[in-house]
Amino acid sequence: MYYVKKVLSCFYSELTFLQKEEVKCGLLNGLDEKQVVLYASCEYNHLQMEQMRLALEHGVAAGVVRRYMHADMSAEKMKETRLRLENGERLKRDYVHMCLPFFSVVVLVCLCLTLYKDEKPYLELKTDTIRLTCGQEFDPMEYIASFSSYQGQLILPSSFDTKNPGNHVVVYKLQTKRETLEKMLYVSVE
């Protein structure tokens, strides 16, 4: 009953007209619902579905079809595979389609790491000079515009006495494995 419902749902799904025709053709040619469900999916185009249907109609077992025919194969490659299966040839399983997602992730990670490695660290302050009134608190984080936190350690300047007027130079540092960036902030306490 499960497979009957699954086949019926194909006609209300997002299958194209030609894909639905392949489902009908399989049922009219004596395939059971379980066999039809094997290829009645949006992941296959109608030409791929046709090759899977023909393989099943010519006596190739469903498990063999599932094993050797997959959505990233062209219909022409499926036809070649189907004919070889129908002739009783033993085939080596094509593992490439199973490895592609894995290799894609590996390539993406390597690319990201390369970009990450080559990106220069940065430390930007909002301004070079500030004025504080006597007694006003100095918050070093308030003057940072941006920095590359993933590439190093930010070392903030230590606080200083703002109760007395005067000029001060505070140094912000971004320490990485390769270098240390320094930015100076000139503070005038009035």
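S.K.: Would you mind showing me how to read the overall build of the chain here?
M.R.: Assigned secondary structure in the chain consists of seven helices and six strands. When the 190 residues of the chain are sorted by exposure, 31% land in the buried category. For the chain, restricting intrachain contacts to residue pairs at least 6 apart in sequence, the fraction spanning at least 24 positions comes to 54%. As presented, the chain carries roughly 12,600 Å² of accessible surface, and 55% of it is formed by carbon and sulfur atoms.

S.K.: Teacher, can you tell me more about the sheet that holds strand β5 (residues 166-175) here?
M.R.: With respect to topology, four strands assemble into an open sheet ordered β2-β6-β5-β4, the strand pairing being mixed. Either end of the sheet is taken by a strand with one partner, and the two such strands are β2 (129-132) and β4 (153-155). Between one strand axis and the next, the sheet turns by 25° as a mean value, whatever way the strands run. Bridge count for β4 against β5 is three bridges, and the pairing is antiparallel. Looking across to β5, one finds that I155 is bridged to K173.

S.K.: Quick question: what am I supposed to make of the pattern of salt bridges here?
M.R.: Note on pairing: side chains with opposite charge can pair once their charged atoms come close. Following the criterion strictly, the structure yields eight salt bridges and no others. Where E21 meets K24, a salt bridge forms, and the shortest distance between an N and an O atom there is 3.3 Å. With E21 and K24 both in helix α2 (residues 17-28) and three residues apart, this pair spans about one turn of that helix. Using a relative accessible area of 29% as the deciding quantity, one classes E21 as partly exposed. Residue K24 is classed as partly exposed on the basis of its relative accessible area, which comes to 37%.

S.K.: Honestly, the pairing of β5 in this entry has me stumped. Any pointers?
M.R.: Every other side chain in a regular strand lies on the same face of the sheet, so the side chains alternate between the two faces. By the bridge criterion, ten bridges tie β5 to strand β6 (residues 180-189) in an arrangement that is antiparallel. Looking at the pairing, L174 lines up with L181 of β6. Hairpin geometry of β5 and β6 is characterised by an intervening segment of four residues between the two adjacent antiparallel strands.

S.K.: What is the right way to look at the nonpolar core in this model?
M.R.: Note that soluble globular proteins tend to have their nonpolar side chains buried in a common cluster. If you look at the biggest cluster of nonpolar residues, it comprises 20 residues, and the most contacted ones within it are Y39, M52 and V65. Elements supplying a minimum of two residues to this core: α3 (33-39), α4 (46-57), α5 (62-68) and α6 (75-86). With four residues, the top contributor of residues to this core is α4. Sequence-distant contacts of Y39, that is, excluding residues within four places in its chain, are made with E22, V23, G26, L31, Y44, M49, M52, R53 and L56. In terms of nonpolar packing, the next biggest core, distinct from the first, is built from 15 residues, I130, L132, F160 and V170 among them.

S.K.: Mind showing me how you'd approach α6 here?
M.R.: Along an α-helix, residues three or four positions apart point the same way, because every turn accommodates 3.6 residues. In this model α6 runs 16 Å from its N-terminal to its C-terminal C-alpha over twelve residues, within 8% of the 16 Å that 1.5 Å per residue would give. Of the positions making up α6, those classed as buried are M78, T81, R82 and L85. Relative to the axis of α6, the buried residues are bounded by an arc of 105° and lie together on one face. The secondary structure elements touched by the buried residues of α6 are α4 and α5.

S.K.: Help me understand the packing of aromatic side chains in this model?
M.R.: Each aromatic ring pair is summarised here by two numbers: the centre-to-centre distance and the angle between the ring planes. Following the criterion strictly, the structure yields two aromatic pairs and no others. Aromatic pair F138 and Y143: ring centres 5.8 Å apart, planes at 10°, arrangement stacked. Residue Y143 is classed as buried on the basis of its relative accessible area, which comes to 10%. Plain terms: the ring middles of F138 and F160 are 5.1 Å apart, the flat faces sit at 40° to each other, and that makes the pair tilted. Taken together, the positions of F138 in the loop between β2 and β3 (144-147) and F160 in the loop between β4 and β5 put the pair 22 residues apart, joining distant regions of the chain. The buried category is assigned to F138, whose relative accessible area is 6%. Taken together, F138, Y143 and F160 form an aromatic cluster joined through their ring pairs.

Basis of the calculations
- Residues numbered from 1 in each chain as written.
- Predicted model: local features only at pLDDT ≥ 70, side-chain atom pairs only at ≥ 80, totals over all residues.
- Heavy atoms only, no water.
- Helix = DSSP H or I, 4+ residues; strand = E, 2+ residues; numbered from the N terminus.
- Buried < 20%, exposed > 50% of the residue type's maximum accessible area, 1.4 Å probe, protein only.
- Contact = heavy atoms within 4.5 Å.
- Areas by Shrake-Rupley, 256 points an atom, 1.4 Å probe, with all protein chains shown as cover.
- Pairing = 2+ DSSP bridges.
- Axes fitted to C-alpha atoms, helices over the stretch in contact; angles between N-to-C directions.
- Salt bridge = Lys/Arg side-chain N within 4 Å of Asp/Glu carboxyl O.
- Core = buried A, V, L, I, M, F, W, Y, C linked by side-chain atoms within 4.5 Å.
- Expected span 1.5 Å × (residues − 1).
- Arc of directions from axis to C-beta.
- Phe/Tyr/Trp six-rings, centres within 6.5 Å; stacked < 30°, edge-to-face > 60°.

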